[in-house]
Amino acid sequence: MLDTITPIPVRTTDRVAEIAWFDDLCGGDTEFLGQLDPERRSSFEHCRDILLTAEKYGFKNILLPTSYIVGQDPVAFASAVAKLTSDISLLVAIRTGEVHPPMLARAISTLDHLLEGRLTINIINSDLPGLKEDGAIRYQRCSETIEILKQGWTQDRVEHDGPFYGKLSLASDPVKPYQQNGGPLLYFGGIADGAKEVCANHCDVFLMWPENEESLYATMQDVSARAEKYGRTIDFGLRVHVVVRETEEEARAYTRHLMSKFDAQQAEALKHRAQDSKSLGVLRQDALRQQADEDGFVEPMLWTGIGRARSGAGAALVGTPGQIIAKLNRYMDMGIRSFILSGYPLIEECAYFGRLVLPHLPNVRLGDVQGRRPVTTPATPLTFGALAYQ
């Protein structure tokens, strides 16, 4: 752990954080790691109930992930659930390349209006399902997609000329978002140099997976310096699991409960259902686990057992409410301004965290802090703005 903490330059200078939960759109919600749970399958009803539980306890955002796996499509699910919500934002994962960017921008505009500005976007840059693509091609496609989106959100016309999508010249009226001052915030993650460059140049929040404090801090320094090259500052986010109980003994006992039906071969098969199971980020999570003690801890509260059974973020913060609050405050001292949390099962652990920890955190919506969500209804072509004949 870091002996001293010098804050990284970030866009959100106030010492606050957006506390978000995670929804089960890609399956895997369970009481026992490495086991599929038919009672918690990724149906619309189950995913809706997770989301509404998070809203009930005061989470400001919730990640709707994407993968070619049994579950819910994030854009379709967000559209269906939008009008069931009143306060929580939706962090909708979108893999660039799946939809032609102007039409993607139109879908985002629809969602943003349905949510009245409570939309954020998690840009995904992975291979398209069934393909193995060159990284340079993926990063070019991703960059051009973001450039087209941002032009549509901030300019009268989309005027694009790039090697991937070629020449585009379109009026931007069909894609104007509800949010102002730049449109929905863009969250982006990845440890490859190309991913860091895309985020530094184009996005608003750089998402990380759990590591020891020294590694997280080094990554933040790197990405912050890259953003500075473009004359920008960005925020940082951490996607991590949590196990919180009244006592440390209870919290650690629950990690053993999670592993009590663990089958290594079955868990490996579940893990590799995900498209990112061989990504640099997941391999780095696997390497982190090799540094753990016999109970799976690499720091006093950072347990790596989760990564034995799932792809993506592979570790959990484990402890009492006071310990979890102190650890999250250390992360905020480093400059982290967004936490995307989860625990198994998702509804029950959301309630634990919502009761025991969330009321004691400076919880904000980053879109509000950064002036993206208007206080009153804005003039757009879908509200009361002027309609054009051409």
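Below is a short write-up of the structure. (Residues numbered from 1 in each chain as written. Predicted model: local features only at pLDDT ≥ 70, side-chain atom pairs only at ≥ 80, totals over all residues. Heavy atoms only, no water.)

**Focus: the overall build of the chain**
Okay, so step 1: Each helix and strand in the chain was counted, giving twelve helices and 13 strands.
Okay, so step 2: Whereas a compact globule of 390 residues would reach a radius of gyration of roughly 21 Å, the chain reaches 20 Å, a difference of no more than 12%.
Okay, so step 3: Projected onto the principal axes, the alpha-carbon positions of the chain cover approximately 65 × 45 × 40 Å.
Okay, so step 4: A burial count over the chain gives 57% of its 390 residues as buried.
Okay, so step 5: Long-range pairs, those at least 24 residues apart, make up 75% of the contacts in the chain between residues at least 6 apart in sequence.
Okay, so step 6: Averaging the locations of the 41 positively and 51 negatively charged side chains of the chain gives two centres separated by 2 Å. (Helix = DSSP H or I, 4+ residues; strand = E, 2+ residues; numbered from the N terminus. Rg over C-alpha atoms; globule rule 2.2 N^0.38 Å. Buried < 20%, exposed > 50% of the residue type's maximum accessible area, 1.4 Å probe, protein only. Contact = heavy atoms within 4.5 Å. Lys, Arg positive; Asp, Glu negative; His and termini not counted. Charge placed at Lys NZ, Arg CZ, Asp CG, Glu CD.)

**A word on the environment of Ile-62**
Okay, so step 1: Structurally, Ile-62 can be placed in strand E2 (residues 61-64).
Okay, so step 2: When its relative accessible area of 0% is taken as the criterion, Ile-62 is described as buried.
Okay, so step 3: In this structure, Ile-62 is in contact with Ala-20, Trp-21, Phe-22, Asp-23, Ile-50, Leu-51, Ala-54, Ile-88, Ser-89, Leu-90 and Leu-91, ignoring residues within four places of it in sequence.

**What to know about the side chain of Thr-120**
Okay, so step 1: Inspection of the secondary structure assignment puts Thr-120 in strand E4 (residues 119-124).
Okay, so step 2: The class for Thr-120 is buried, based on a relative accessible area of 5%.
Okay, so step 3: Once residues lying within four places of it in the same chain are set aside, the contact partners of Thr-120 are Asn-61, Leu-90, Leu-91, Val-92, Leu-185 and Tyr-187.

**Brief notes about helix H9 (residues 280-289)**
An α-helical turn contains 3.6 residues, so any two residues separated by three or four positions project in the same direction.
Okay, so step 1: Looking at H9, one finds that the buried residues are Gly-281, Val-282, Gln-285, Asp-286, Leu-288 and Arg-289. Summarising the axial view, the buried residues of H9 lie within an arc of 155 degrees, below the 170-degree limit, and thus occupy one face. (Arc of directions from axis to C-beta.)

**As for the packing of aromatic side chains**
Okay, so step 1: Applying the stated criterion to the full structure yields six aromatic pairs.
Okay, so step 2: Both rings, one in Trp-21 and one in Phe-59, keep their centres 5.3 Å apart while their planes meet at 55 degrees; by these two values the pair is tilted. Taken together, the positions of Trp-21 in strand E1 (residues 18-22) and Phe-59 in the loop between helix H1 (44-57) and E2 put the pair 38 residues apart, joining distant regions of the chain. Like Trp-21, the residue Phe-59 is buried in the burial classification.
Okay, so step 3: Taken together, the ring pairs connect Trp-21, Phe-59 and Phe-353 into an aromatic cluster.
Okay, so step 4: Taking the ring centre of Tyr-139 as reference, the NZ or CZ of Arg-138 above it sits at 5.4 Å.
Okay, so step 5: Here Arg-245 stacks its cationic end above the ring of Tyr-254, 4.4 Å away from the centre of that ring. (Phe/Tyr/Trp six-rings, centres within 6.5 Å; stacked < 30°, edge-to-face > 60°. Lys NZ or Arg CZ within 6 Å of the ring centre and 35° of its normal.)

**Quick word on the nonpolar core**
Okay, so step 1: Grouped together as the largest cluster of nonpolar side chains are 89 residues, with contacts concentrated most on Trp-21, Leu-90, Phe-236, Phe-339 and Phe-353.
Okay, so step 2: If one sorts the elements of this core by residue count, helix H10 (residues 321-334) sits on top with six residues.
Okay, so step 3: Listed in part, the 15 residues of the second largest apolar core include Leu-33, Phe-262, Trp-303 and Val-318. (Core = buried A, V, L, I, M, F, W, Y, C linked by side-chain atoms within 4.5 Å.)

**Brief notes about the environment of Arg-284**
Okay, so step 1: By the element assignment, Arg-284 lies in helix H9.
Okay, so step 2: Look at Arg-284 and you get partly exposed, because its relative accessible area is 29%.
Okay, so step 3: Arg-284 sits 74 residues away from Pro-210 along the chain, and the two C-alpha atoms are 9.9 Å apart.

**Considerations on the environment of Ile-234**
Okay, so step 1: The residue Ile-234 is located in the loop between helix H6 (213-229) and strand E9 (235-244) in this model.
Okay, so step 2: In the structure, Ile-234 is positioned ten residues away from Ser-224 in sequence and 7.1 Å away in space, judged by C-alpha atoms.

**Considering the pattern of salt bridges**
Okay, so step 1: Taken as a whole and judged by the stated rule, the model has 27 salt bridges.
Okay, so step 2: Between Asp-49 and Arg-48 there is a salt bridge, with the nearest N and O atoms lying 3.0 Å from each other.
Okay, so step 3: Arg-48 gets classed as partly exposed once you look at its relative accessible area, which sits at 25%.
Okay, so step 4: In this structure, Arg-365 and Asp-87 form a salt bridge, with 3.0 Å as the shortest nitrogen-oxygen distance. Of the two residues, Arg-365 sits in the loop between helix H11 (346-356) and helix H12 (366-369) while Asp-87 sits in the loop between helix H2 (74-81) and strand E3 (89-95), which places them 278 residues apart along the sequence.
Okay, so step 5: The buried category is assigned to Arg-365, whose relative accessible area is 5%.
Okay, so step 6: Exposure remark for Asp-87: the relative accessible area of 29% places this residue in the partly exposed category.
Okay, so step 7: Three or more residues are tied together by salt bridges with common partners; here these are Asp-193, Lys-196, Glu-197, Asp-222, Arg-226 and Lys-229. (Salt bridge = Lys/Arg side-chain N within 4 Å of Asp/Glu carboxyl O.)

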